[in-house]
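Chain and residue survey
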Amino acid sequence: MRRITDWYGASPLHLVALLAGGAVSAYAVTRVPSLDLLVVIGLWFAGMLVVHDLVLFPIYAAVDNVVAWLRANLGGDGLVPTVNYIRVPAVLSALLLLAWFPLVFRLSPTFERDAARTDDPFLWHWLLTTAVLFIGSAVLYTVRVRAARRKVSASQPPL
Amino acid sequence: MDRRIASRLTRLALGRGQPPPGPFRPTFWRSPIRGPWLSSVLGSILLLGIPVVFVTGLLSYAAYNPALGGGNDRTPDKGILGFYLFTWPTDPVWLYGVVIGTHVLVGLALFPVVLGKLWSVIPKLFTWPTLRSPAHALERLSLVLLVGGAVFELVTGLLNIQLFSPWSFSFYTAHLYGAWVFIGAFVTHVALKLPTMVRSLHARRLRDELRTGLADTRPEEPGDSGLVAVSPAAPTISRRGVLGIVGGSSLLLVGLAGGQTLGDGFRRTALLAPRGGTFPGDFPVNKTAVGTGIRRADTGSDWRLEIDGNGRLVSLTRDDLLAMERRTERLPIACVEGWTTTQTWTGVRLADLVALVGSPSASGVLVSSLQQGGAFGAARLAANQVRDPRSLLALKVNGSDLSLDHGFPARVIVPAAPGVHCTKWVRSLRLLADKA
């Protein structure tokens, strides 16, 4: 037993869990009706993984670093950190776009013909939501800065 | 090639020796809030949410009554994956709407949680050595299926409801088998990580974290998780801030789409959902007459409904149907894409029509449409669906004749059935041979 554990690198229960779950996954793979179809689905499957791990993640991490750098190098009077008042509306808006980009950019060639309605408004709905998020964030920021300034001036005696 | 270079490349490919510069070095990852506690909180949300999405997805498959075969079963090679299938009931009438609405809305809500969870554990993708042991290699293979499966299911689902299919495969085939591939890896992952998750959750109290602002945010205790930064940067957001962004994104996605699932009065609130917003004087259409190749000439005065069974064939005009006993039912129609609408339908009971050629309770019925080809040009209804007194061949909706896009001259409406089984532009009803 000890030798197995040493060679395998974990307890045999670890192997049991992997084989049990793997059997379900493998069985589902064998159910795909043709090899051609399996290859196509497999390529999309792998492609989406690569797009997330090696494209989407590095991009959003880099953008976030830029925002953080701007905050460190440009940020106002330092009473209220600005970064999250940009970051939060930006992330929310980006996630909405990530979820609904085919509607927003009207990518479905059959949308109007199938659904008996136009997909024109979605771009405006997304822009409107984005504007509301950023304006709301700006208002909140202004309120916080004013409150912080009042606090600072209250604690400092007038010259 | 120089032997030294060759051996170096081999070691690199196997992930031995010193990690190359970049993400394989632990010092690369500097987020001060990454750590097992944060990953476990996000993981526990997924642990609750994913089974809901999975089970409602399986139920939606059952709602198509795949046992009746033909176009009802998009995945006839499913084998034992159909072990749980049962004849779909007609009660309560909102059953399918709630099942598919939950599937789509919880799936949408989990989209930011999955992305947050992947962000929180991404340093693990670049662990060095890349493969430590057979156990490590197998677990990483399983993680490919876990992460790939989660992203695949989210993307295929999201794009399908937006009528955008950049792929050549059938959504039904890929989304169903993809779900099973994913769930195998998910069960494994839960079995392997549940103790870690419970331990990590106990290390900090959620209530305290939700009271901790940016000024007091410190990295988690360095452990063997491989998630806590070795040289953390100064925090720019608190843990509650990250949880707030994830939760806020989920609420926003659901809030801007939920109206299309709640239907009708709420629909106008759904600003970012394919069947949200307003439909002046009308309700949403899944597929139009133009989109399915219906010719107006086929729906004119020459149109006949053919009822075929027990060796008899009855042919009825629309006026013949209007002269029969008419019923009015207020019933929802819910689409696999996650939207619902409830309307008042008037027409002839399916059971009454079937009775014209035989015993009304005998068997299921194959409903065929004028639709040329297409995915749902015909659907099989089970005996319980035909027998239900609320199941109609509708001729009118809300007191007026059906519009062409809503299925003129006649369409099926069956309580609790998926929308695509409420066949429009009905051409014929054929009794199915009793399987029993």
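Residues numbered from 1 in each chain as written. Chains lettered and ligands numbered in written order. Predicted model: local features only at pLDDT ≥ 70, side-chain atom pairs only at ≥ 80, totals over all residues. Heavy atoms only, no water.

1. Some details on the confidence of the model for chain A
Residues at a pLDDT of 70 or more form 95% of chain A, whose mean pLDDT is 90. Considering each helix and strand of chain A separately, the mean pLDDT is smallest for helix α1 (residues 2-8) of chain A, with a value of 88, and largest for helix α2 (residues 12-31) of chain A, with 96. (pLDDT = per-residue confidence, 0-100. Helix = DSSP H or I, 4+ residues; strand = E, 2+ residues; numbered from the N terminus.)

2. Considering unusual backbone geometry
All names here are of chain B. A cis geometry characterises the amide bond from D91 onward to P92, with omega recorded as -15°. On the secondary structure map, P92 appears in the loop between α2 (36-63) and α3 (95-121). Cis geometry is adopted by the peptide bond preceding P409, which originates at F408 and carries an omega value of 10°. On the secondary structure map, P409 appears in the loop between β8 (400-401) and β9 (411-413). Non-glycine residue N310 carries a positive phi angle of around 50°. For W425, which is not a glycine, the phi torsion comes out positive at approximately 50°. Along the polypeptide, W425 turns up in the loop between β9 and β10 (426-431).

3. Details of the layout of surface pockets
For the second largest pocket, the calculated volume is near 1,400 Å³. Looking at the second largest pocket, it is lined by 41 residues, and the ones nearest its centre are A:Y60, A:A61, A:D64, A:R87 and B:W119. Looking at the lining of the second largest pocket, the elements with two or more residues in it are α3 (35-74) and α4 (83-104) of chain A together with α3 and α7 (239-262) of chain B. With 13 residues, α3(A) is the single largest residue contributor to the lining of the second largest pocket. Along the lines of polarity and charge, the residues of the lining of the second largest pocket split into 32 nonpolar, four polar and five charged. (1 Å grid on protein atoms, 1.4 Å probe; cavity = no way out; pocket = protein on both sides within 12 Å on 5 of 7 lines; lining within 4 Å. Points joined across faces, edges and corners; volume = space filled by probe spheres on them. Nonpolar A, V, L, I, M, F, W, Y, C, P; charged D, E, K, R; others polar.)

4. Some remarks on the interface of chain A and chain B
Facing the 61 residues of chain A at the interface are 78 residues of chain B. In total, chain A and chain B occlude about 5,900 Å² of area from one another, counting both sides; carbon and sulfur atoms represent 77% of this. Applying the counting criterion to the chain A and chain B interface returns zero salt bridges. Where chain A packs against chain B, one counts 18 residue pairs in polar contact (both at pLDDT 80 or more). Those elements giving two or more residues to the side of chain A that touches chain B turn out to be α1, α2, α3, α4, α5 (111-115) and α6 (121-155) of chain A. Top element by residues in the side of chain A that touches chain B is α4(A). It accounts for 15 residues. Split by residue class, the side of chain A that touches chain B holds 43 nonpolar, eleven polar and seven charged. (Contact = heavy atoms within 4.5 Å. Buried area = accessible area lost by both parts, 1.4 Å probe. Salt bridge = Lys/Arg side-chain N within 4 Å of Asp/Glu carboxyl O. Polar contact = N/O pair within 3.5 Å; in protein donor to acceptor, adjacent residues only side chain to side chain.)

5. Points about the environment of B:R140
Checked against the element boundaries, B:R140 lands in helix α4 (residues 134-161). Residue contacts for B:R140: discarding those within four places in its chain leaves B:K124, B:L125, B:F126, B:T127, B:T130 and B:L131.

6. Notes on empty space enclosed by the protein
All names here are of chain B. Taken as a whole, this structure holds two cavities of 30 Å³ or more when the rule is applied. Reported here for the largest cavity is a volume of approximately 730 Å³. Together, 32 residues line the largest cavity, and V53, G57, H103, E153 and H175 are the ones closest to its centre. Counting residues per element, the ones that place at least two in the lining of the largest cavity are α2, α3, α4 and α5 (171-203).

7. Quick look at the nonpolar core
If you look at the biggest cluster of nonpolar residues, it comprises 96 residues, and the most contacted ones within it are A:W100, B:W88, B:Y96, B:F111, B:W180 and B:L272. Here this core gets 14 residues from one element, more than from any other, and that element is α3(B). Residues in contact with B:W88, not counting those within four places in the same chain, are B:L59, B:A62, B:A63, B:N65, B:L95, B:Y96, B:V99, B:N384 and B:A416. Ranked by size, the runner-up nonpolar core spans 29 residues in total, among them B:A289, B:L395, B:L404 and B:L429. (Core = buried A, V, L, I, M, F, W, Y, C linked by side-chain atoms within 4.5 Å. Buried < 20%, exposed > 50% of the residue type's maximum accessible area, 1.4 Å probe, protein only.)

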